[in-house]
Amino acid sequence: MAKVIVYPPTSMILSDLVERMGHKALVVPEAVRKLATANDIQSPPLNVTPEEPKKGLHYAAVDVPSGVRGRMALIGPLIEEAEAAIVVEDPGWLTGCAGCNRTNELVRLLIRTKGVPLLDLSYPTDDAEARVFVQKIKTFLEGLK
Amino acid sequence: MRITKYVITSSESDILPSDIAMKIYGSKYDVNVKETCFGVMVDGEEDVVNALVAEIRSLDPSGIFIKDRGFPPGDPRRCRGRRGGGARPGFYMIESESKMLPMISRALAAEGEVPAVPEKKKPLTPNKLEDIIKEGLI
């Protein structure tokens, strides 16, 4: 079972397909859960403590907007943990944790420079493309240990 | 550790969110369930929830999709009832991807060889456009 980071990191379709194939999808909701449902909430409401910006500083400089560093505090550790990656480019409707374009550029760059097996795709627009999309993901995941 | 998962149905699936909720109510599992317009949220201990969602998926393997959720159901930090209305931030992503689910479901259910997809036409490059304009003027 490999740990596969998916981009967009909140994608339902990608995380579901990864889990179907018996691998572990690294997704943002898991990182959010660790903070939001911790037994000792030190910094209500979302438990973002002074440690989170420090984690973000590993990936982005101090003069980078705080939203980028905040997001990287969640997504950065996932990238470090990843053993493979599936990147779906430019869906055109990223929101929430995945709604910052500067963060998304940095996430894609870090995934590519990490050197793990990578699958680049686009979201399908018709049935034929959807079959190719699913088939490529299946083949890629079957090739992972 | 307690976890929360979304169980989301494709709009073409024969399984409705209410069918899933009724199955969970009638099951032996000790979990919290919240029914939504697109599926259900299941909250409970990790191994229990994982076993339950695997059973639910078997109702329609290609039409039911599972997604992790960070906050438990009804959490006042995300629940729209406590925030003055409006969808929670993560809903827009689910809404957008839900439109693709019927296609993905059909692709998962399909058997046999995958048909070749013709390459999409790329937009005209500026150099090519310049050449065409020059050819027309001369």
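For the structure itself, consult the block above.
What you see is a predicted model, and the numbers here were worked out from it, not measured in a lab.

Asker: Now, about helix α4 (residues 66–81) of chain A: what can you tell me, with residues and values included?
Answerer: The periodicity of an α-helix, 3.6 residues per turn, causes residues three or four places apart in sequence to face the same way. Residue and element names in this part refer to chain A. The terminal C-alpha atoms of α4, which comprises 16 residues, lie 23 Å apart, in line with the 22 Å expected from a rise of 1.5 Å per residue. Here α4 has its buried residues at Val 68, Arg 69, Arg 71, Met 72, Ala 73, Leu 74, Ile 75, Gly 76, Leu 78 and Ile 79. The elements touched by buried residues of α4 are β1 (3–7), β2 (24–26), α2 (28–36), α3 (51–56) and α5 (101–114).

Asker: Before we move on, could you go through the nonpolar core and cite the residues and values that matter?
Answerer: Nonpolar side chains in soluble globular proteins tend to be buried together. Ranked by size, the top nonpolar core spans 62 residues in total, and within it Val4(A), Ile5(A), Val6(A), Ala82(A), Ala85(A), Val7(B) and Val42(B) carry the most contacts. Per-element accounting of this core gives the leading share, seven residues, to α4(A). Every residue in contact with Val42(B), bar those within four places of it in the chain, is listed here: Thr4(B), Lys5(B), Val7(B), Ile24(B), Val31(B), Val33(B), Val49(B), Leu52(B) and Val53(B).

Asker: I'd like a rundown of the packing of α2(A) against α4(A), residues and numbers included.
Answerer: Residues and elements named next belong to chain A. Contact geometry for α2 and α4: axes closest at 9 Å, N-to-C directions at 120°. The angle between the axes of α2 and α4 places the two elements in the oblique class. For α2 against α4, the interelement crossing comes out right-handed. On the side of α2, the interface is formed by Val 28, Ala 31 and Val 32, while α4 contributes Leu 74, Ile 75 and Leu 78.

Asker: Help me get a handle on the pairing of strand β3 (residues 84–89) of chain A, residues and values and all.
Answerer: Residues and elements named next belong to chain A. Pairing geometry for β1 and β3, over four bridges, is parallel. Bridge pairing in β3 links Tyr 7 to Val 87. In the sheet, β3 pairs with strand β4 (residues 118–122) via five bridges, with the strands oriented parallel. Across the sheet, the residue bridging to Ile 86 is Leu 119, located in β4. Each parallel crossover has a hand, and the one from β3 via α5 to β4 is right-handed.

Thresholds, definitions, all that
- Residues numbered from 1 in each chain as written.
- Chains lettered and ligands numbered in written order.
- Predicted model: local features only at pLDDT ≥ 70, side-chain atom pairs only at ≥ 80, totals over all residues.
- Helix = DSSP H or I, 4+ residues; strand = E, 2+ residues; numbered from the N terminus.
- Expected span 1.5 Å × (residues − 1).
- Buried ≥ 20, exposed ≤ 12 C-beta atoms within 10 Å, placed from the backbone.
- Contact = placed C-beta atoms within 7 Å.
- Core = buried A, V, L, I, M, F, W, Y, C linked by C-beta atoms within 7 Å.
- Axes fitted to C-alpha atoms, helices over the stretch in contact; angles between N-to-C directions.
- Parallel < 35°, antiparallel > 145°, perpendicular 65-115°, else oblique.
- Left-handed = near helix turned anticlockwise from the far one by under 90°.
- Pairing = 2+ DSSP bridges.
- Right-handed = clockwise from strand over helix to strand, strands pointing away.

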